[in-house]
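Examination of the molecular architecture
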Amino acid sequence: MLESCLGEEFPGYSIEGRQAEQGGYLFRISKSEQHHTLYVDETAVAGKDTEDLRTFFYNCDVASVLRHVGDFTVSLTDSGCIFGNL
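Residues numbered from 1 in each chain as written. Predicted model: local features only at pLDDT ≥ 70, side-chain atom pairs only at ≥ 80, totals over all residues. Heavy atoms only, no water.

1. Section: helix α1 (residues 2-9)
- For α1, the complete set of buried residues consists of Leu-2, Cys-5 and Leu-6. Projected down its long axis, α1 shows its buried positions confined to an angular sector of 100°, all on one face.
- The secondary structure elements touched by the buried residues of α1 are β1 (14-19), β2 (25-31), β3 (34-40), α2 (42-45) and α3 (50-60). (Buried < 20%, exposed > 50% of the residue type's maximum accessible area, 1.4 Å probe, protein only. Helix = DSSP H or I, 4+ residues; strand = E, 2+ residues; numbered from the N terminus. Arc of directions from axis to C-beta. Contact = heavy atoms within 4.5 Å.)

Set out below in structure tokens:
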């Protein structure tokens, strides 16, 4: 479900996701020379359905933040985007 929502935000990009050791989800979003890394805290997305996730990603401006910071890791928490790993 998360990968699908990210795919909508990043059409044409390769999205690889996995369970992170710290309990969330880690995504590598790539296209040609562009690479983005997103850690999603599982408490931020717990209980959300697809539409809730779309709205949450939009409200947190996830795609724009990732595009602006490039390859720097962004963490998505219930408070929004923060920079670096949790």
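2. Considering α3
- If you check which residues of α3 are buried, you get Leu-53, Phe-56, Phe-57 and Cys-60. Burial along α3 is one-sided: seen end-on, the buried residues are contained in an arc of 95°. Opposite its buried face, α3 presents the exposed residues Tyr-58 and Asn-59, each directed more than 90 degrees away.
- Contacts from the buried residues of α3 go to α1, α2, α4 (62-69), β4 (73-77) and β5 (80-83).

3. Let's talk about the packing of aromatic side chains
- Within the structure shown, the criterion is met by one aromatic pair.
- The residue whose ring lies beneath Lys-48 is Phe-56, and the NZ or CZ to ring-centre distance is 4.8 Å. (Phe/Tyr/Trp six-rings, centres within 6.5 Å; stacked < 30°, edge-to-face > 60°. Lys NZ or Arg CZ within 6 Å of the ring centre and 35° of its normal.)

4. Some words on the side chain of Ser-30
- Mapped onto the fold, Ser-30 is located in strand β2.
- Here His-35 takes part through its side chain, which lies 3.1 Å from a polar atom of the side chain of Ser-30.
- If near-sequence neighbours (up to four positions away) are discounted, Ser-30 is found in contact with Tyr-13, Ser-14 and His-35. (Polar contact = N/O pair within 3.5 Å; in protein donor to acceptor, adjacent residues only side chain to side chain.)

5. Some thoughts on the nonpolar core
- In this structure, Phe-27, Ile-29, Leu-38, Phe-57 and Leu-76 are the most contacted members of the largest nonpolar core, which totals 22 residues.
- Contributions of two or more residues to this core are made by α1, β2, β3, α2, α3, α4 and β4.
- Residues within four places of Leu-38 in sequence aside, it is in contact with Leu-6, Tyr-25, Leu-26, Phe-27, Val-62, Leu-66, Val-74 and Leu-76. (Core = buried A, V, L, I, M, F, W, Y, C linked by side-chain atoms within 4.5 Å.)

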